[in-house]
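Secondary and tertiary structure notes
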Amino acid sequence: MKIFYVENWTVVAAFLIDFLSGYPKKYHPIKAIGKLIEKNEAFLRNRKLTGRFGGFLLFLLTTAPIFLFSIIFVYFIEKMNSLSMIGWLFSRIFLVLFSSLFIALRGLIYEAKKVDKLLNEGNLVQARISLKALVGRDTENLIPEKIRIAIIESLAENLCDAVIAPLFYFFLGGFPFLVFYKTVNTLDSMVGYKNERYIKFGWFSAKMDDIFNYVPARITGIFIVLSSFILLGFSTGKRSLKIMLRDGKNHSSPNSGIPEAAMAGALGVRLGGPNYYGGILVEKPYIGEDLNSISSELINLSIKIITVSSFLFILASIFLRNLL
């Protein structure tokens, strides 16, 4: 029995199901993980465990049972697999369908297009509200250009968090590693803030997310560069690589700046800069060069880049796996 192994075709099928159909909004395992995090946080705060040790316990109380559940899930899938041909068929279908819920390329593209469409329709207020699904900054006073900058940044950063990193860990350690990564990433998205409430309590979850995204973020940057070469030609791909190497460190996160810088170079735009978070102005360095105006066409181009990057990563991963 191979608990921590998955066939290439299972990963490809899960990826394609997400890409072609997206995810259910009402019932989703990430929401269940979020509910568990909320319950664990309330449990620890009621016991005055709000410092770094409490944050460590939050991480442990969340990841351990979910990781164990994922192992048990694969165990029963494999048991079903061995019963009969019908059992094999249903077990494979169930594993593919459930795995696809932890990949979110379609959802990422959908949310980006939704906000951009609202801007094109002149509905600035609703665009600001919808943008909250993609970014953590304050959106209430953003002008259209700033909203489109936020969309591009989110597409680049979330290409790692929602697509490349989940697929990387899926290939590396099967379904349990896929679920474990998404649990760590969800913890960071919920408690990994540098504000008074979470600066200590969310520290451990944020650090673990940094560790788990370190390699995938750099892989993501490389594939954005490769996609730029394919879609936009040698000079643009070269610029994408140059900006990634030059400005990838211009971010408070050790990882997010890498794909954002690669995307900024590919599009010839300047990302980053100061933004408000929780009503507080946070000064951030700029990423990229202000060569092109931010437009709806660049949003569509960035969507093409993340799509091609995702497919290239799948193909490269299968090739390397077959070599090894």
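Residues numbered from 1 in each chain as written. Predicted model: local features only at pLDDT ≥ 70, side-chain atom pairs only at ≥ 80, totals over all residues. Heavy atoms only, no water.

1. As for the overall build of the chain
Scanning the chain for helices and strands turns up eleven helices and four strands. The globule rule puts the C-alpha radius of gyration for 324 residues at 20 Å, and the 20 Å found for the chain is close to it. The principal-axis extents of the C-alpha atoms in the chain amount to approximately 60 × 50 × 35 Å. Expressed as a percentage of the 324 residues in the chain, the buried residues total 52%. Taking the intrachain contacts of the chain between residues at least 6 apart in sequence as the baseline, contacts between residues at least 24 apart amount to 71%. Seen as two clouds, the 36 positive and the 24 negative side-chain charges of the chain have centres 4 Å apart. (Helix = DSSP H or I, 4+ residues; strand = E, 2+ residues; numbered from the N terminus. Rg over C-alpha atoms; globule rule 2.2 N^0.38 Å. Buried < 20%, exposed > 50% of the residue type's maximum accessible area, 1.4 Å probe, protein only. Contact = heavy atoms within 4.5 Å. Lys, Arg positive; Asp, Glu negative; His and termini not counted. Charge placed at Lys NZ, Arg CZ, Asp CG, Glu CD.)

2. Some details on the pattern of salt bridges
Note on pairing: side chains with opposite charge can pair once their charged atoms come close. Considering all chains together, one arrives at eleven salt bridges under this definition. The salt bridge partner of K132 is E140, with a shortest N-O separation of 2.9 Å. You can call E140 partly exposed: its relative accessible area is 43%. If you follow the salt bridges from partner to partner, you end up with K242, R246, D247 and E289 in one network. (Salt bridge = Lys/Arg side-chain N within 4 Å of Asp/Glu carboxyl O.)

3. Observations concerning unusual backbone geometry
Positive phi, close to 65°, is recorded for K48, a residue that is not glycine. Along the chain, K48 falls in the loop between α2 (29–46) and α3 (52–81). Given the relative accessible area of 71%, K48 is considered exposed.

4. Here's the deal with the side chain of S130
Here S130 is to be found in helix α6 (residues 124–131). Relative accessible area serves as the criterion here: at 7%, S130 is assigned to the buried category. Residues contacting S130, with those up to four places away along its chain left out, are K114, V115 and L118.

5. Topic: the nonpolar core
L131 and F175 are the most contacted members of the largest nonpolar core, which totals 92 residues. Top element by residues in this core is helix α7 (residues 144–191). It accounts for 26 residues. With residues up to four places along the chain from it excluded, the contact list for L131 reads V115, T139, L142, I147, A150 and I151. (Core = buried A, V, L, I, M, F, W, Y, C linked by side-chain atoms within 4.5 Å.)

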